[in-house]
Amino acid sequence: MSQRIKIKALLQTTPAEQEVNVKGWVRTFRNNQFIALNDGSTNSNIQIVVDFQNTDEALLKRITTGAALSVTGILVASLGKGQAVDVKATNIEILGDSDPEKYPLQPKKHSLEFLREIAHLRFRTNTFGAIFRVRNSLAFAVHRFFQEQGFVYLHTPVITASDAEGAGEAFKVTNLDLDNLPRTENGEIDYKQDFFGRATNLTVSGQLEGELGAMALSDIYTFGPTFRAENSNTTRHLAEFWMIEPEMAFYDLADNMDLAEGLLKYVINYALEHNREDIEFLTQRLLDEEKSKPQQERSEMSLLEKLQFCLNNNFERLTYTQAIEILKDSTPNKKKKFQYLIEGWGADLQSEHERYLVEKHFKKPVILTDYPKEIKSFYMRQNDDGKTVAAMDILFPGIGEIVGGSQREERLEKLEQRMDEIGIPKDELWWYLDTRRFGGCPHAGFGLGFERLVLFVTGMGNIRDVIPFPRFPKNAEF
Ligand code: 4AD
Ligand code: MG
């Protein structure tokens, strides 16, 4: 019996009447004669030609959409259009039946909402096969980018006692008996009796620990899951998402921006080179979807063009203060079309503002810098104006914020003063402050939301469709 060959490799094989074995799942079975078989190695199916007159009737009945098959046959040049080769089956073995009455995935177009409910099976559709192959490539490209530059992949803890962003939106981790919580004399929960002897939570960011690594290894990056208990029911937020957080000693804000822009372009280019077929499929999917929309709502660029455009243009860099001027004078602000009107300096930017800047004003990715310190985290380096910090956010078309980062405050005095102002307990972060006490140095870093990146590269509209099993308010199925 021939060794199994994956369909991607088989489709590139020159047919010479050789015997081959393929395994996969039936997409369709037409006329009792043509099986479209897919094994996930590529978006394309291999066509299996069945000699139905010489095949057992009972076996033919079991070749149904969703069934798993092992097919041995002869590789021949295809007579039909659309594929170069066919397999003329000599032996078909049913590895797993799929009851056509009950199988939820029919060979027709299903809505993304429906597919989300059957996320355990949606990998078997063309769309999700393409998405998860692209996601895989992007993850690999992220590692390759950093490894090529000598960065150290650092594993920061998933369970931690620190709430890195100070935003108070972490999931608690406990093994206390919730029906019988131990209490202190004041009636508060006594976390001393908890597993770690203190209150702990799932990490919201690995940054603070990442900084510790950078203060010795120079350049590190994390790539792991992060958790936020914010009640954001949007197409851009997940409660569990993957984040890439590089942290570099001796970098300033400009170096930080260069690295982030370089990373984004590198990984997008990698996907374009290695996932051409999938991205072309997703581009076509989007074009088909947009056909039902009125002309003015359709995108100016196709997905493929948008990705190319992103590679070929420098990201626009401007300060928060400059952005506020643009927004204040913008038509939607004057005509009161923004939900949150921009009255003046100091306003926090909402996604409608970010998207105006990127999609309407500059029509390309934008890096905003030097935000008011009040709307940013305590660890960001204070600028000399006393009002702003050396922060940077990268805004992408259709996405909004994809990267958030900053140069870090390396001056102990300034850092402690800011923590006091905001009320962040210094004793809990003694280890973080230690790096400023012993050989502190200028450094910078950022966080790239991995799913937002996948969203951009696949052209999908909802972040719940680019992670295998999304976690969001009131949902933790699978
Ligand atoms: O801007 P954020 O909150 O920054 C940090 O966590 C910093 N500690 C990063 C750093 O400097 N090392 O998050 C960074 C990025 C955002 O720009 C966004 O892309 C993504 O993480 N992100 C989310 N993605 C999906 N769902 C959510 N709820 C997200 N929150 C942030
Ligand atoms: Mg942010």
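Keep in mind it's a predicted model, so treat the numbers as computed, not measured. Each chain has its residues counted from 1, following the order in which its sequence is written. As they are written, the chains are lettered A onward and the ligands numbered 1 onward, keeping that order. Selection of residues for local features in this predicted model requires a pLDDT of at least 70, selection of side-chain atom pairs for listing and counting requires 80 or more, and totals for whole chains, interfaces and linings are taken over all residues. In computing side-chain properties, one takes all heavy atoms of the structure into account and sets aside hydrogens as well as water.

**Points about the site of ligand 1**
Only heavy atoms are used to decide nearness, and a residue is near a molecule or strand if one of them lies within 4 Å of it. Surrounding ligand 1, one finds 23 residues, the nearest of these being E165, Q207, R228, E245 and E401. Contacts described as polar in this section are N or O atom pairs within 3.5 Å, which, within protein, must combine one atom able to donate a hydrogen with one able to accept it, while residues neighboring in sequence count only if both atoms come from side chains. At a separation of 2.7 Å, a nitrogen atom of ligand 1 approaches a polar side-chain atom of E245. Bound to the protein, ligand 1 loses 93% of the 620 Å² it would expose on its own. Put simply, the parts of the chain that give the shell around ligand 1 at least two residues each are strand 11 (240–249), strand 15 (400–407) and strand 16 (443–449). Strands are runs of DSSP state E lasting at least two residues, helices are runs of H or I lasting at least four, and both sets are numbered from the N terminus onward. Element by element, the count of residues in the shell around ligand 1 is highest for strand 15, at five residues. Of the residues contributing to the shell around ligand 1, the split by class is eight nonpolar, seven polar and eight charged. Method for areas: the Shrake-Rupley scheme with a 1.4 Å probe, in which residue coverage is limited to the protein chains shown. For this classification, the nonpolar set comprises Ala, Val, Leu, Ile, Met, Phe, Trp, Tyr, Cys and Pro, the charged set comprises Asp, Glu, Lys and Arg, and every other residue, Gly included, is treated as polar.

**Looking at the sheet that holds strand 1 (residues 19–30)**
Sheet strands pair by backbone hydrogen bonding; their relative direction is either parallel or antiparallel. When DSSP finds at least two bridges between two strands, those strands are taken to pair. Pairing is mixed around the closed barrel formed by five strands, whose spatial order is 1-2-3-5-4. With strand direction ignored, the average angle separating the axes of adjacent strands in the sheet is 55°. Two elements, strand 1 and strand 4 (residues 68–77), share seven bridges in a ladder whose sense is antiparallel. Of the residues in strand 4, the one forming a bridge with V20 is G73. The convention used is that axes are lines fitted to C-alpha atoms, helices contributing only their stretch in contact, and that angles between N-to-C directions extend from 0 to 180 degrees.

**Looking at the pattern of salt bridges**
A side chain with one charge may pair with a side chain of the opposite charge, provided their charged atoms come close. Every case where a carboxyl oxygen of Asp or Glu lies within 4 Å of a side-chain nitrogen of Lys or Arg is listed as a salt bridge. Summed over the entire model, instances satisfying the criterion amount to 28 salt bridges. With a shortest N-O distance of 2.8 Å, R436 and E211 are connected by a salt bridge. Pair noted here: R436 is in helix 13 (residues 430–437) and E211 is in helix 5 (residues 207–217), with a separation of 225 residues, a long-range link. Just as R436 is buried, E211 falls in that class too. Among the charged side chains, a network of salt bridges with common partners joins E211, E247, R408 and R436. Exposed residues in this analysis have more than 50% of their type's maximum accessible area, buried residues have under 20%, and partly exposed residues fall in between, with area computed by a 1.4 Å probe over protein chains only.

**Here we look at the environment of E477**
By secondary structure assignment, the location of E477 is in the segment after helix 14 (450–458). Taking the C-alpha atoms as reference, E477 lies 30 Å from A271; in sequence the two are 206 residues apart.

**What about the domain arrangement of the chain?**
We note that the domain assignment places domain 1 (7–104) and domain 2 (124–168 + 204–315 + 364–465) within the chain. Segmentation of the chain into domains, including their bounds, is taken from an automatic or database domain assignment. Computed from C-alpha atoms alone, the centre-to-centre distance between domain 1 and domain 2 is 43 Å. With nine residues of domain 1 in contact, the opposing surface of domain 2 contributes eight residues. The quantity reported as buried area is the accessible area (1.4 Å probe) lost by two parts once they are put together, taken as the sum for both. Summed over both sides, the interface between domain 1 and domain 2 buries roughly 710 Å², with carbon and sulfur atoms accounting for 24% of that surface. When the buried surface of domain 1 facing domain 2 is broken down by residue, R27, N43 and Y103 rank first, second and third, together holding 64% of it. In this assembly, domain 1 and domain 2 are joined by ten residue pairs in polar contact (both at pLDDT 80 or more). Class assignment for the residues of the side of domain 1 that touches domain 2 results in two nonpolar, six polar and one charged. Contacts are assigned to residue pairs with any non-hydrogen atoms lying within 4.5 Å of each other.

**Quick word on the environment of N233**
By the element assignment, N233 lies in the loop between strand 10 (219–227) and strand 11. Of the residues examined, N233 reaches a relative accessible area of 53% and is grouped as exposed. Sequence separation between N233 and F472 is 239 residues; the distance between their C-alpha atoms is 7.1 Å. Ignoring anything within four residues of it in the chain, the contact list for N233 reads R464, F472 and P473.

**Considering a nonpolar patch on the surface**
Patches draw on residues past 30% relative accessible area with no salt bridge. Two like charges within 9 Å are joined, as are two nonpolar side chains (Val, Leu, Ile, Met, Phe, Trp, Tyr) within 5 Å. On the surface, V158, I159, F195 and F196 cluster together into a nonpolar patch covering about 370 Å² of accessible area. With respect to the element layout, V158 can be found in the loop between strand 6 (152–153) and strand 7 (159–160).

**Digging into empty space enclosed by the protein**
In the cavity and pocket records, a cavity denotes points on a 1 Å grid over the protein atoms alone where a 1.4 Å probe fits but cannot get out, a pocket denotes an open set with protein on both sides within 12 Å along at least 5 of 7 lines, and lining residues are residues with an atom within 4 Å of a point. Grid points are joined across faces, edges and corners, and a volume is the space filled by probe spheres set on the points. Under the counting rule described, the total for this entry stands at one cavity of 30 Å³ or more. Approximately 30 Å³ is the volume found for the largest cavity. Lining the largest cavity, in full, are R228, E230, S232, H237, L238, A239 and P473. Here the residues of the lining of the largest cavity sort into three nonpolar, two polar and two charged.

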